[in-house]
Amino acid sequence: MGVTGAHASAVPLPIKPGSAAISVHAVVDPSPDQEFLNRIHAAGIVAPDGQAVAVGRKLARLSASGASYTTLSEVVRDFGVYDHHVDAFIQAALAVY
């Protein structure tokens, strides 16, 4: 990882074989998506923008369907976010989406 800025959304990360695929080229909505990205970047999370947005949206859908916090944190960890950043990522996603 380590790619941020205007070109970050075009950089795909490898997806583990057998994992649920997330679109690596998610279209970033200029309002809620940018707010989400601002929040995770402010928390020190560095990730490709398009993939981060896709995971954030997935967290919101899972949360709305009643998924547990453990499930949400597993999704974030599978994306490659760890430690205190897991909580910050989840909080940003649920606050914006």
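First, a word on scope: everything that follows refers to the structure included in this document. This is a predicted model, so every value here is computed, not measured.

You can see Lys58 is positioned in helix 2 (residues 49-64). Note: C-alpha distance between Lys58 and Tyr97 (39 residues apart in sequence) is 9.5 Å.

As a further point, take helix 2. Note on helix geometry: an α-helix contains 3.6 residues per turn, so any two residues three or four positions apart are oriented the same way. Its 16 residues give helix 2 an end-to-end C-alpha distance of 23 Å, which sits within 8% of 22 Å, the value for a rise of 1.5 Å per residue. When helix 2 is considered as a whole, its buried residues turn out to be Asp49, Gly50, Gln51, Ala52, Val53, Ala54, Val55, Gly56, Leu59 and Ala60. The inward-facing, buried residues of helix 2 abut helix 1 (32-42), helix 3 (69-79) and helix 4 (84-96).

With that out of the way, let us pick up the nonpolar core. Phe36, Ile40, Ala52, Leu59 and Phe89 are the most contacted members of the largest nonpolar core, which has 19 residues in total. Going through the elements one at a time, helix 1, helix 2, helix 3 and helix 4 are the ones with two or more residues in this core. Looking at this core, the element that brings in the most residues is helix 4, giving five residues. In contact with Ala52, not counting residues within four places along its chain, are Phe36, Leu37, Ile40, Ala47, Phe79 and Phe89.

So, how was this worked out
- Residues numbered from 1 in each chain as written.
- Predicted model: local features only at pLDDT ≥ 70, side-chain atom pairs only at ≥ 80, totals over all residues.
- Heavy atoms only, no water.
- Helix = DSSP H or I, 4+ residues; strand = E, 2+ residues; numbered from the N terminus.
- Expected span 1.5 Å × (residues − 1).
- Buried < 20%, exposed > 50% of the residue type's maximum accessible area, 1.4 Å probe, protein only.
- Contact = heavy atoms within 4.5 Å.
- Core = buried A, V, L, I, M, F, W, Y, C linked by side-chain atoms within 4.5 Å.

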